[in-house]
Structures are given as structure tokens and as C-alpha cells.
Amino acid sequence: MTSRARPARVSGVLVNTALVLASLASACPLLWMLSVSFMAPGESSHFPPPVLPSAVTLDNYRALLSTLGLGKSFLNSLLVASVSTLLSLCFNVTAGYAFAKLEFPGRDRLFRLLLGALVIPGQVAMIPLFLLLKQLGLVNTYAGVLIPSLASVFGIFLVRQYARSIPDELLEAARIDGAGEFRTFVSVVLPTLTPIVVTLALFSFLGSWNDFLWPLIVLSDDDLRTLPVALAALSREHVQDRELMMAGSVLTVLPVLVLFLSLQRYYLRGIFAGSVKG
Amino acid sequence: MIASRRGFWFAAPALLVITLFFAGPVCGAFLLSLTDFDIYALKGFEYLRFVGLRNYLELLHTSRFWRALGNTCYFVVLGVPLSLGASLGAALLLHSRLVRYKRLFRTALFAPVVTTLVAVSVIWIYLLHTRYGLLNYLLSALGAPSIDWLGDPAWAMPAIVLFAVWKNFGYNMVILLAALESIPETLYEAARIDGASPAQELRYVTLPALAPTLSLVGILTMAGYFQLFAEPYVMTQGGPLGSTTSVLYLMYEEGFKWWNLGMASAVAFVLFFLIFVVTRLQLWFARRSEDT
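Asker: Tell me what's going on with the overall build of chain B, and back it up with residues and numbers.
Answerer: Of regular secondary structure, chain B possesses 13 helices and one strand. Listing the helices and strands of chain B from first to last along the sequence gives β-α-α-α-α-α-α-α-α-α-α-α-α-α. C-alpha extents for chain B along the principal axes are approximately 80 × 70 × 35 Å. For chain B, with 292 residues in total, the buried portion stands at 43%. Considering only intrachain contacts with a sequence separation of at least 6, the fraction spanning at least 24 residues in chain B is 67%.

Take a look at the structure:
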């Protein structure tokens, strides 16, 4: 067996080395961001580029939070993403359950129609939606930012696929016990849906936190801006201050990265559900 | 399953919201694209006129539009194969039985996907910096001349492609990895009994088994890449010399910088039409190659 074992060891080293290099390339920009965010102003603008700060300083973060108002944007983003997540759960979980387990006239035709709508890029709706919000006086408000994320075809689909595995006997039993549809939903269905609810919540939160074009269009007031919009504006004014900008990027990226790392299993479940829709 | 009209009320709120804030506006966008809606019409609808297909015809005579369309196609044609190649390569490596710490590698490779596009675009502005950027430092270490990545019209789009590949390849990687794990081991055993080399296993077992997944992620990636916007908005502002102005960037500028909302709607519809046609074509090709 030695003749086979040796090539296996060589290719084992090759495969693992390739993966170490690829992972480095993938993680390097993020690690570099973190390192530069602790450098003194101007320190990173040298050749060759320094890898670690000579002395760790929090001045960049202080400047961002005190004078540049990024703390406010951070709280704005947190508020918008949290409310958007809650709303998305309310609308999508009930609808996903209905499409999976409740019979009503035209149900399957409606569902096929929804799936068909997936080919339409969201940006097509943006201009009339903006005009509609203008009529309603909702431009430059959080309500305006939240409206497109209320219900989504992806969210309904995600919950529906999972809810189909709920045994009918479970629902029958609840109804025989005299529970109404709503009671059945809250006390019998919701507990079984917990894993997919976590997945949907994670997708909604990250989607809202990372969203850029719609908040850019709707929010013009500096005080209301979410982090990505504030960061994009800041990077146009402070293009020379790379240490400052890296600290701003850390503030923006770190919460979603931490959330992903702690709930990775749930996030991947959402990707697999989304990729079998074809 | 229980027949009940009450079931409809569970779906009704979501359907209402999708109708009001998505389906309605999509139809509205088409109507709007047939008008000359501009900044005056924002003040009062009496300034609004129906112009038929004039916006679309005018687009065909606008060099900025053709430029944007060309840039977007360049991004798609260069970006999609590179992204899929990176995803496939990484998935094959991760799938190897010789890998240690598989989950750690997977997490590191996937991390860029969940990051905020605007924030990582800002990071890459500095990575791509001509004098102090890490990328040019690596190039100089290899003895290559430094490149003015975001300042040279010939290099700005390739730089954005490089960034997009880094940001997105992890997504398709985990999908392809799951597909690889579902290929039955017996297929490989049969190939080995027939004396197939690892390269032949890849060519005659792995790739054919992956083909349906590959074509699906190809279609989804392509549809996503046509919607290029935030990267040029943050990294190059559409420049230099308009070399990174995408179709969606043009829509944003027409609509929300110059308030030509009729024209901007026409741009949005052209983009929709383009994505629709290209994905249909790809589906058709995928079906045909499955049949033969």
C-alpha cells in the first residue's frame, strides 16, 4: 500500500495548502481592515504597507462616534433592521404556513404566480414606489424604508417548504380539541417552525442591514441615514483618511459577521432552500 | 389538509403587501416609462405627457446607454465564469477527503458573502490603491509593474470583477459543495474499477453530476450580476471616463439625480427585459443539453 499512500500524502499537503492560501485571500481584506482601523492617521500609507499597527489606538472609532455621527447611523441601522425583521416574520411565516397547510381557492395558482414574480428585479418597482411614498408623505421616513421588506416571495417560499413537513394529524388533533385556526397556528404550528423562523429572521436582518440602494433613495436626511448610506457618503468626503474609513467599515461589518458566525447553521439552511427553487 | 376559506386570511396580509408595493409599482413602472415624467411633473401631474415608446427610442440613440449596457455585459461576461470557476475550485478542494478543519476553511471562504457590500467596497478602494495598496504590493513582490486599478479606464472594470468574485464566490461554493456531497459514492467506485484516473473521474463523473446545479447557480449569478450598482457607486462613481457606469447606475442617475423618472423607468424595463431574455436562453440551453 505504500505506493498508494505516498501520493495521497503529497496531494493531501497540496489540497490543504491550496485551501490555506484561498482562505487567506478570502479573510485577508477583513483582517487588514481590522488592523488598519487601530492605526494612527496616515500610518497605513507607507510602502510596503504595514501589517500591524505600531501602537494600537482607538482614536478613529472615537472620531467616528463623536464628531462624525456614525454612532447615530449605527443605532438607525439597528432599529431599521430589527423592525424589518419582526415585520418580515409576521407577514411571511403566516403566509408560508397558509400556502403549505391550509386549503383556499386558487392557492396553488397564486403560489405559482408568486414564484414567477421572482424573475422581476426589485429595482423595477423602485421608481413608482418612490412616487407612491411621496404621495403618502413617507419619503424620508423609516416607514418608507421598511415597506419593501414587509413580505417577500423568498420568505414565503422558505417557510412553505419547511411547513409542508408538519403532519396533518397534528393540526387535526388541535382542531378536534376545539382550537380555532389562530390558536392552532400560535400554539401548535409556530413551535414546530422555530428553526426556519430563525433562518428567516437572520436573512431579513442581514438583508436589511446590508441594503443600500433603497435607503439611499428614500432617506435624504443625515440624521436618519443607515450605516451603509452614511459610510458611502463619508468615504466620498474622507477618501484620504483610510484608517478612519476602515474603522467605519469595522463598525458596519462586525455585527453581521458575528451574527453569521453564531448562527451559521441556520444561514446555510436558507441558502439550500433558496437554491432548489429552479 | 383541511379545506377552509379561513386559510386565505393567513396569506392575505402578505399578498396585499406584495400587490400594493411590488406588483402595482411594476405595472406603474411600465406606464411611467411611456411618459415624459420629469422634475416638473413632481410638482404637479398636469405637466405629465404620454409619449409612447419615445423614451425607449431615445435610449437607443444615447451613447451613455450603450456604454452602460456594454459595461454591464463586460462585467457579466468576465465576472460570471470567474465567480463560478472560483466557487467550483473551492468546492472541489473542500470536498476532498484529505482536508482537515473543513468547517473552518468553509467559514473563512464564506465570510465575505455576509459582509456589507458598501463597507467591503470601501476596504477594496484601499487594497486597490496604486501606491499603498496590498494588491500592487503583491504585484511588485512578483516583479510586475503596479496598476492604477481604479484610475485607469481599462482596469477599473476588471478591478470591480476581482472584487465581486472575492465577495460572492462563497455563496455558490456551499451550494456546489452540497451537490458534490450528494453524488453517490458507487459512481466513483465504478469509475475506479474501470481504471479511471482522478482527472477522468472529475471529467466523466463529477462534472456531469454537477451540471444541473452548475447551470442553476450560473443563471442566478448572471441575473444578480446584471444588477451591478453599489460597487461602482462606492468605488469609482461610475468612472473613470464612464468605464464602470452600469445600467442600474444609469437608472439611478437618470431617476434620482436628474429626476427624469419616465426615462429611468424605461432603463429599468430594458434591464428587466435583458435579464429575462438571457435567463430564458440559458434555461433553454440547459434543457437542450440535458435532453441530448
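After that view of the structure, there is still more to cover.
Asker: Now, about the overall build of chain A: what can you tell me, with residues and values included?
Answerer: The number of helices and strands found in chain A is 13 helices and one strand. From first element to last, N terminus to C terminus, chain A shows the α and β order α-α-α-β-α-α-α-α-α-α-α-α-α-α. Taken over the C-alpha trace, chain A has a radius of gyration of 24 Å; the compact-globule value for 278 residues is 19 Å, which it surpasses by more than 25%. A principal-axis box enclosing the C-alpha atoms of chain A has dimensions of 75 × 75 × 35 Å. When each of the 278 residues of chain A is scored for burial, the buried share is 41%. Long-range pairs, those at least 24 residues apart, make up 78% of the contacts in chain A between residues at least 6 apart in sequence.

Asker: How would you explain the interface of chain A and chain B if you had to name every residue and give the values?
Answerer: Taken residue by residue, the interface counts 75 residues in chain A and 75 residues in chain B. Counting residues per element, the side of chain A that touches chain B draws most heavily on helix 1 (residues 2–37) of chain A, at 15 residues. Looking at side-chain class alone, the side of chain A that touches chain B contains 52 nonpolar, 18 polar and five charged residues.

Asker: Outline the confidence of the model for chain B, supporting the account with residue identities and numerical values.
Answerer: Residues and elements named next belong to chain B. Averaged over all residues, the pLDDT of chain B equals 92, while 98% of them reach at least 70. In the model of chain B, strand 1 (residues 2–3) stands out as the element of lowest mean pLDDT, 50, in contrast to helix 4 (residues 63–95), which has the highest, 96. Interface confidence for the predicted complex, given as ipTM, is 0.91, next to a pTM of 0.92.

Asker: If you had to explain unusual backbone geometry to someone new, which residues and values would you point to?
Answerer: Following Gly239 of chain B, the chain continues into Pro240 of chain B via a peptide bond in cis, with omega recorded as -10 degrees. A positive phi angle is found at Asn140 of chain A, which is not glycine, with a value near 70 degrees. With respect to the secondary-structure elements, Asn140 of chain A resides in the loop between helix 5 (123–135) and helix 6 (142–146). The class of Asn140 of chain A is partly exposed, set by 14 C-beta atoms lying within 10 Å. In the Ramachandran plot, Tyr101 of chain B falls in the positive-phi region, its phi being about 50 degrees despite a non-glycine side chain.

Asker: Before we move on, can you summarise the environment of Leu228 of chain B with the specific residues and values?
Answerer: All names here are of chain B. Position of Leu228 among the secondary structure elements: in the loop between helix 10 (198–225) and helix 11 (230–235). Residue class for Leu228 comes out buried when judged on the 25 C-beta atoms lying within 10 Å of it. For the pair Leu228 and Thr244, spaced 16 residues apart in sequence, the C-alpha separation works out to 9.6 Å. When residues no more than four places from it in sequence are discounted, the contact partners of Leu228 are Thr72, Phe75, Ser246 and Leu248.

Asker: Got a sec to walk through the nonpolar core? Specific residues and values, please.
Answerer: Residues and elements named next belong to chain B. Met173 and Val267 are the most contacted members of the largest nonpolar core, which has 159 residues in total. Residue contributions to this core peak at 16 residues, all from helix 8 (residues 153–181). Those residues in contact with Val267, other than ones at most four positions away along the chain, are Leu59, Val247, Leu250, Met251 and Glu254.

Asker: I'd like a rundown of helix 4 of chain B, residues and numbers included.
Answerer: Taking 1.5 Å per residue, 33 residues should reach 48 Å; helix 4 of chain B reaches 47 Å between its end C-alpha atoms and fits that length. Largest kink in helix 4 of chain B: about 25 degrees, centred on Gly79 of chain B, with the proline Pro81 of chain B one to four residues after it.

Asker: Just give me the short version of the packing of helix 3 (residues 70–101) of chain A against helix 9 (residues 181–210) of chain A, but keep the residues and values in it.
Answerer: All names here are of chain A. Closest axis-to-axis distance for the helix 3/helix 9 pair is 8 Å, and the angle between their directions is 140 degrees. With respect to each other, helix 3 and helix 9 are oriented oblique. For the crossing formed where helix 3 meets helix 9, the hand is right-handed. Counted together, Ser77, Val80, Ala81, Ser84, Thr85, Ser88, Leu89, Asn92, Val93 and Tyr97 of helix 3 and Phe185, Val189, Leu193, Val197, Leu200, Ala201, Ser204, Phe205, Ser208 and Trp209 of helix 9 form the full contact between these two elements. Here the residues of the contact of helix 3 with helix 9 are counted per class, giving 13 nonpolar, seven polar and no charged.

Asker: Now, about helix 12 (residues 247–256) of chain B: what can you tell me, with residues and values included?
Answerer: The element helix 12 of chain B is extensively covered by neighbouring structure, given that eight of its ten residues are classed as buried. Within helix 12 of chain B the residues assigned to the buried category are Val247, Leu248, Tyr249, Leu250, Met251, Tyr252, Glu254 and Gly255 of chain B. Where helix 12 of chain B is buried, its residues touch helix 5 of chain A together with helix 4, helix 11 and helix 13 (261–291) of chain B.

Asker: An account of the packing of helix 4 of chain B against helix 8 of chain B is requested, with residue identities and associated values reported.
Answerer: When two helices pack together, their arrangement is given by the angle between their axes and by how far apart the axes lie. Residue and element names in this part refer to chain B. Between helix 4 and helix 8, the least distance of the axes is 6 Å, while the angle of their chain directions is 40 degrees. The angle between helix 4 and helix 8 falls in the class oblique. Every pair of crossing elements has a handedness; the one defined by helix 4 and helix 8 is right-handed. Tallied by class, the residues present in the contact of helix 4 with helix 8 amount to 21 nonpolar, seven polar and one charged.

Asker: Describe the environment of Leu82 of chain B, naming the residues involved and giving the relevant values.
Answerer: All names here are of chain B. Within the element layout of this structure, Leu82 appears in helix 4. Since 16 C-beta atoms lie within 10 Å of it, Leu82 is described here as partly exposed. Separated by 82 residues in sequence, Leu82 and Ala164 place their C-alpha atoms 9.6 Å apart. Excluding residues that lie within four positions of it along the chain, Leu82 makes contacts with Val161 and Val165.

Asker: Could you give me a rundown of the environment of Asp222 of chain A, with the residues and numbers involved?
Answerer: Assignment of secondary structure puts Asp222 of chain A in the loop between helix 10 (213–218) and helix 11 (227–237). Looking at Asp222 of chain A, the number of C-beta atoms within 10 Å reads 12, which means it is exposed.

Calculation rules
- All chains use their own residue numbering, which begins from 1 and follows the written sequence.
- Key to labels: chains lettered from A, ligands numbered from 1, both in the order written.
- Selection of residues for local features in this predicted model requires a pLDDT of at least 70, selection of side-chain atom pairs for listing and counting requires 80 or more, and totals for whole chains, interfaces and linings are taken over all residues.
- A run of H or I in DSSP becomes a helix once it reaches four residues, and a run of E becomes a strand once it reaches two; helices and strands are each numbered from the N terminus.
- Burial is judged by counting the other C-beta atoms within 10 Å of a residue's own C-beta: 20 or more makes it buried, 12 or fewer makes it exposed, and any count in between marks it as partly exposed, with every C-beta position built from the backbone.
- A residue pair is marked as a contact if its C-beta atoms, positioned from the backbone, fall within 7 Å.
- In this treatment the radius of gyration is a C-alpha quantity, and the globule benchmark scales as 2.2 Å times the residue count to the 0.38 power.
- Throughout this entry, Asp, Glu, Lys and Arg are counted as charged residues, while Ala, Val, Leu, Ile, Met, Phe, Trp, Tyr, Cys and Pro are counted as nonpolar. The remaining residues, Gly among them, count as polar.
- For every residue, the predictor reports its confidence as pLDDT, a number between 0 and 100.
- Any set of buried Ala, Val, Leu, Ile, Met, Phe, Trp, Tyr and Cys residues joined through C-beta atoms within 7 Å is what this text calls a nonpolar core.
- In this analysis, the expected span of each helix is defined as 1.5 Å times one less than the number of residues it contains.
- The quantity called bend is, for any residue, the angle between two axes fitted respectively to the seven residues ending at it and the seven beginning at it.
- Fitted lines through C-alpha atoms serve as axes, helices being fitted only where they are in contact, and the angles separating the N-to-C directions of these axes extend from 0 to 180 degrees.
- Angle categories are assigned with fixed cut-offs, so that under 35 degrees is roughly parallel, over 145 is roughly antiparallel, 65 to 115 is roughly perpendicular, and the rest are oblique.
- Helix crossings get a hand from a simple test, with the near helix turned counterclockwise from the far one by less than a right angle marking a left-handed crossing and a clockwise turn marking a right-handed one.

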